[in-house]
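Per-entry structural report
Residues per chain, in single letters:
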Amino acid sequence: MTAYRRHSMGGGFMDWANQPWPFKRYPYAATQALDEPRPLQSEFWPTLLAWPPPPDPDAPPLDSAGLAGLLSLAAGLTAQGQSGTFLRSPASAGGLYPAELYFSASGLEWLEDGLWHYAPEAGAPRLLRPGNLAGASAETLGGEPRELNFFITALLWRSIWKYHTRAWRYCLLDGGHLLACLELALAACGLEQRLCLDPAAAGGKLLGLTPEREALLTGVSAGAALDHSGPDQLPAWQPPREEPLSAREQSDPDILAAAALGQSEAPGPALEWPDQPAPRGAIRLSPAPPEEGPSLGRVMQARRSRRNFMPQGLSAGHTALLLAAALPEAGPLRATVLLGAGGEVPAGVYGYHPGKKTLSMQEPQDRRIRAARACLDQAWVGRAALNLVLWADPKQLSAVAGKRGYRLAMLAAGRAGQRLYLAATALGMGCCGVGAFYDDEVAAAAELPAGAWPLYLLAAGPVKGGPQI
Ligand SMILES: Cc1cc2nc3c(=O)[nH]c(=O)nc-3n(C[C@H](O)[C@H](O)[C@H](O)COP(=O)(O)O)c2cc1C
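The structure presented is a predicted model; accordingly, all values stated were derived computationally and were not measured. (Residues numbered from 1 in each chain as written. Predicted model: local features only at pLDDT ≥ 70, side-chain atom pairs only at ≥ 80, totals over all residues. Heavy atoms only, no water.)

1. Quick look at the overall build of the chain
Looking only at helices and strands, the chain features 13 helices and 15 strands. For the chain, whose C-alpha radius of gyration is 21 Å, the value lies close to the compact-globule estimate of 23 Å for 469 residues. For the C-alpha atoms alone, the extent of the chain along its principal axes is close to 65 × 50 × 45 Å. In the chain, buried positions account for 57% of the 469 residues. Counting only contacts in the chain whose residues sit at least 6 apart along the sequence, the fraction spanning at least 24 positions is 80%. For the chain, the exposed area adds up to about 19,200 Å²; of that, 52% sits on carbon and sulfur atoms. Mean positive and mean negative side-chain charge positions of the chain (40 and 43 charges, respectively) differ by 9 Å. (Helix = DSSP H or I, 4+ residues; strand = E, 2+ residues; numbered from the N terminus. Rg over C-alpha atoms; globule rule 2.2 N^0.38 Å. Buried < 20%, exposed > 50% of the residue type's maximum accessible area, 1.4 Å probe, protein only. Contact = heavy atoms within 4.5 Å. Areas by Shrake-Rupley, 256 points an atom, 1.4 Å probe, with all protein chains shown as cover. Lys, Arg positive; Asp, Glu negative; His and termini not counted. Charge placed at Lys NZ, Arg CZ, Asp CG, Glu CD.)

2. Things to note about the nonpolar core
Generally speaking, nonpolar side chains in soluble globular proteins are found buried as a group. Of all hydrophobic cores here, the largest spans 133 residues; its most connected members are Leu101, Trp168 and Leu390. Ranked by residue count, the leading element in this core is helix H5 (residues 167-188), at 14 residues. The residues that make up this core include at least three from each of domain 1 (17-260) and domain 2 (283-461). Core analysis: the next-biggest nonpolar cluster, separate from the first, contains 14 residues, Tyr26, Ala29, Tyr102 and Leu115 among them. (Core = buried A, V, L, I, M, F, W, Y, C linked by side-chain atoms within 4.5 Å. Domains from an automatic or database assignment.)

3. Remarks on the site of the ligand
Residues in contact with the ligand amount to 23 residues; listed here are only the nearest, Arg303, Arg304, Ser305, Arg307 and Gln378. Measuring from an oxygen atom of the ligand, one finds a side-chain N or O atom of Arg304 at 2.8 Å. One of the backbone nitrogen or oxygen atoms of Gly435 is found 3.0 Å away from a nitrogen atom of the ligand. Here the ligand loses 88% of its free accessible area of 610 Å² to cover by the protein chains. Of all the secondary structure elements, the ones that give two or more residues to the shell around the ligand are strand E2 (86-88), H5 and strand E14 (430-434). (Near = heavy atom within 4 Å. Polar contact = N/O pair within 3.5 Å; in protein donor to acceptor, adjacent residues only side chain to side chain.)

4. Some words on the sheet that holds strand E4 (residues 114-119)
Sheet strands line up and pair through hydrogen bonds in the backbone, either parallel or antiparallel. Strand order in this open sheet of 6 strands is E5-E4-E3-E6-E8-E7, and the pairing throughout is antiparallel. Each edge of the sheet is formed by a strand with only one pairing partner; in this case those strands are strand E5 (124-130) and strand E7 (193-196). Neighbour to neighbour, the strand axes of the sheet diverge by 25 degrees on average, direction disregarded. Summarising the sheet, E7 and strand E8 (residues 214-225) pair through 4 bridges and their orientation is antiparallel. Of the residues in E8, the one forming a bridge with Gln193 is Ala222. (Pairing = 2+ DSSP bridges. Axes fitted to C-alpha atoms, helices over the stretch in contact; angles between N-to-C directions.)

5. Concerning the side chain of Arg303
Looking at the element boundaries, Arg303 is found in the loop between helix H8 (296-302) and helix H9 (316-326). Here Arg303 sits buried without a salt bridge, and the closest side chain of opposite charge, Asp174, lies 9.7 Å off (N-O distance). At a separation of 2.9 Å, a polar atom in the side chain of Arg303 contacts the main-chain carbonyl oxygen of Ser89. Setting aside its immediate chain neighbours within four residues, Arg303 contacts Arg88, Ser89, Pro90, Ala91, Gln418, Tyr421, Leu422 and Thr425. (Salt bridge = Lys/Arg side-chain N within 4 Å of Asp/Glu carboxyl O.)

6. A short note on the domain arrangement of the chain
Annotation of the chain at the domain level lists domain 1 (17-260) and domain 2 (283-461). Relative to domain 2, the C-alpha centre of domain 1 lies at a distance of 26 Å. With 44 residues of domain 1 at the contact, the number on the domain 2 side is 41 residues. Both sides together, the interface formed by domain 1 and domain 2 hides about 3,700 Å², and carbon and sulfur atoms give 63% of it. A per-residue breakdown of the area domain 1 buries against domain 2 is headed by Phe44, Trp45 and Trp51, which together make up 22% of the total. Counting across the domain 1 and domain 2 interface gives 5 salt bridges. (Buried area = accessible area lost by both parts, 1.4 Å probe.)

7. A look at the sheet that holds strand E13 (residues 386-392)
Read across the open sheet, the 7 strands follow the order E9-E12-E11-E10-E13-E15-E14; overall the sheet is antiparallel. Edge positions in the open sheet fall to strand E9 (283-284) and E14, since each of these has one partner strand only. Strands E13, E14 and strand E15 (453-461) of the sheet are contacted by helix H12 (residues 405-426), whose axis makes an angle of about 5 degrees with E15.

8. A closer look at the packing of aromatic side chains
On inspection of all chains with the given rule, the structure shows 7 aromatic pairs. Consider the rings of Phe309 and Trp380, whose centres lie 6.4 Å apart with planes at 25 degrees: the pair is stacked. A residue pair is termed long-range when its members are at least 10 positions apart, and Phe309 in the loop between H8 and H9 and Trp380 in the loop between helix H10 (368-374) and E13 qualify at 71 residues. Aromatic ring contacts, followed pair by pair, group Phe103, Trp116 and Phe150 into a single cluster. Geometry around Tyr421 places Arg303 over its ring, the cationic atom sitting 4.7 Å from the centre. The cationic tip of Arg419 hangs over the ring face of Trp51; the distance from NZ or CZ to the ring centre is 3.7 Å. (Phe/Tyr/Trp six-rings, centres within 6.5 Å; stacked < 30°, edge-to-face > 60°. Lys NZ or Arg CZ within 6 Å of the ring centre and 35° of its normal.)

What follows is the structure, encoded as structure tokens:
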């Protein structure tokens, strides 16, 4: 449904007069200023390389400044692009930023109980729904009622405007990018966290979402467990009025059907993903991070999409770190790596085994130029030292996750992508996600098995004038 094929693409018409606004506008819900954001001081590599990121024992107790720091690097503005548009901590397909961040807070002395929406343009949250919603949030995300419950949604029109039905992919990938930022920021604030990749359908009502406009993608609960989790029956509530994103918002029936696939009344359980087969004779990688590294906050602040790759190969150590940062030991994703000449690992197409941290050669050819052609002829992809192709085996997805498989795999791919970006940034290299590709041509370039679904491609490697951190 969302695949691109070279000879069946319609001409893309961009209706600039109807371009969606990148920030939510609530005329009657003001933002509440928090204290000056506290930088995320945790060490970068130990936080990034553990799954889930471990809470920093040295972080001060969460207060208004801590929450401001957390929100600003989970979803906030970190730079201004050349055209004046604001860029954010998570990367975003086309810079359209469909992903939104909400949270319910309960029992914090310095913040009113209720449902909050984060307004990146103000660097502050706005209260949408007062009251203790910890119990209702736990019903959506599972686990015990906790002080803080974060919800990531996608405002579909922001992406549909440009990408039509393929927008569903980008919404999920963008949601995964934001999720990675949120998980890391929570850890840096010293908070234990519990991820829910499959929130209950009722979560949409809790947040006051209009189902044909905005989809709840995923959530994370964090902070202390609570005894007082709010009333069993929540008082009636009317979400505050929102301005439309543009003069004519449109929805896409195929996307709405995909978003509803396999939704259930209860939050989905954490899934057990089978170990992937590791062929013999593979190259074992040893991800050894530098002893002195930058802080998490500095890396997250400095991350940008960079495409000015230099024709240089990677050391085996850097290859190991990039891949270990991106992928957990088990999950719905499969990874194929395309390496060019000049690095410590010979050029070729490799299967990556995240549990064993090994690369097994499938084809001793440099396939990056072919991958670049498959990426709608984005030539810079072919100059990057490493192309990471994230893909899924649809049979395995459906066996483990049923109809939710595609959603979970795409979210995981976005999360892996953001982590690859951050690892590259910390190593002084560049990275850029590529969502625009002809699916069958990427599958062929990366030697994927018949029927495999390519999900996301990322290019990474040395760049001219790399990031200064
Ligand atoms: C899912 C996804 C797909 C993307 N696809 C492309 C792409 O095909 N080509 C490209 O040049 N950049 C692509 N990007 C990079 C975005 O253009 C970039 O993230 C956005 O402009 C914001 O800039 P920043 O990453 O520097 O913050 C993609 C990013 C994401 C998250």
